[in-house]
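# Reading the structure
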Amino acid sequence: NQGDLKSRRYELDRLVDPLLGGLKKEVFAGGYLHVDPTPIDLCDPARPGGTREAALWAYRGKSAVWFEYHASKSPKVPDATLREMTFKGFCQTDGGAGLDAIGPPGQVVSLGCWAHARRAFFEALQAKDPRARWYLDQIGKLFRVDRIASGDRHGRKARLRERFSLPVFHALVAQAEAHAEIAPAKTALGDAVRYLLGQQERLKRCLTTPAAELSNNAVERAIRPLKLGAKNWLFIGH
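Below, the structure is looked at part by part. Within each chain, residues carry numbers counting from 1 in the order of the written sequence. Where local features are concerned, this predicted model is filtered to residues with pLDDT of at least 70; where side-chain atom pairs are given and counted, the filter is 80 or more; whole-chain, interface and lining totals use all residues. The basis for every side-chain value is the complete set of heavy atoms in the structure, and neither hydrogens nor water enter the calculation.

## Observations regarding the side chain of T81
We count a stretch as a helix when DSSP gives it H or I for four or more residues in a row; a strand needs E for two or more, and each element gets its number in order from the N terminus. Looking at the secondary structure, you find T81 in helix α2 (residues 76–84). The exposure class of T81 is buried, given its relative accessible area of 2%. Each polar contact in these results corresponds to two N or O atoms within 3.5 Å; when the atoms are within protein, one needs to be able to donate a hydrogen and the other to accept it, and residues that are neighboring in sequence are counted only if both atoms are side-chain atoms. Within the local environment of T81, its side chain forms a polar contact with the side chain of E68, the two groups lying 2.9 Å apart. Classification of residues uses two cut-offs on accessible area relative to the type maximum, computed with a 1.4 Å probe and protein chains only: under 20% is buried, over 50% is exposed, and between them is partly exposed.

If you want it as C-alpha cells, here you go:
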C-alpha cells in the first residue's frame, strides 16, 4: 500500500544519504570542477499534455561526478552550490552567460573551453565559410601540444605551451579581431569570432595555468549517458 511504499522510500533515503553526502564532499573538495547543465523535459501539471524545460547540473571533480536537479539553467544555481560548498580552485565551463563569475568571490579561477570555441568555427565551416578552416587548424595545434605533453602537468607542458601555444593564441585573437570588422553578426563566422574574443581571457588562462585543461569535455562525457537515456524515457515526472 501507499504507506508501506513511503516507508520504504524514507528508509532508502536514510541509508543512501551518507553516501551522497560523501560523494558531494569529494567532488567539491578536489580544487578543480568541470560544470555544465543539460536540459531535461519535465512534466508540469500546469501544462496538461505538455512539458517544460528543467536542468540537470553536472559537477565533475577529479574522480567523481555530482548531479543536481533544478528547474532552471540560471547560473544562480551553480553559484549557490559552489558557495554552499565553499569551493576554492578552478572552475571550467563553456561561455554561457554568468558562468564566468560563479562561486565564492576571490576563491574561484574561471576557465573557458577551447572545444566550444572550436565547435563554433566548425559550424562556420559547415556553413560553407572557408575562412573557418584556418581557425580549426590553429586550435588543433593547441590540442596537439597538450597531447605531446600529456602526463606532465607542471614542467614540460608549461614550457611547451609558452613556446608554441601562446603564439598560436595571439594569432587567433589578431585574426578574429580582423574578421570581427568584416564578418556580420548573426552569421556563423561572425558568431564564432565574437565568441573567441568574448572568451579570450578565460581561454588564455587555459594556456597560462599549468594545471588547466583545454576543454570542458570531461563533464560533457559524464552527461552523455543522460542524453542517451532521454531518448528512451523522454521526460521526467513533476
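Read on, since the account is not over.
## Some details on helix α8 (residues 217–233)
Taking 1.5 Å per residue, 17 residues should reach 24 Å; α8 reaches 25 Å between its end C-alpha atoms and fits that length. Among the residues of α8, those classed as buried are A218, V219, A222, I223 and G229. Along its buried surface, α8 packs onto β1 (32–43), β2 (51–60) and β3 (65–70). Taken from the residues just after α8, L234 is the one with a positive phi, measuring 65 degrees. In this analysis, the expected span of each helix is defined as 1.5 Å times one less than the number of residues it contains. Residues are treated as being in contact if the distance between any of their heavy atoms lies within 4.5 Å.

## Structural notes on the environment of S215
Along the polypeptide, S215 turns up in the loop between α7 (200–208) and α8. Placed 181 residues apart in sequence, S215 and H34 show a C-alpha to C-alpha distance of 9.0 Å. Among residues more than four places away in sequence, those in contact with S215 are H34, Q92, C113, W114, A115 and F143. A polar side-chain atom of S215 sits 3.2 Å from a polar atom in the side chain of N217.

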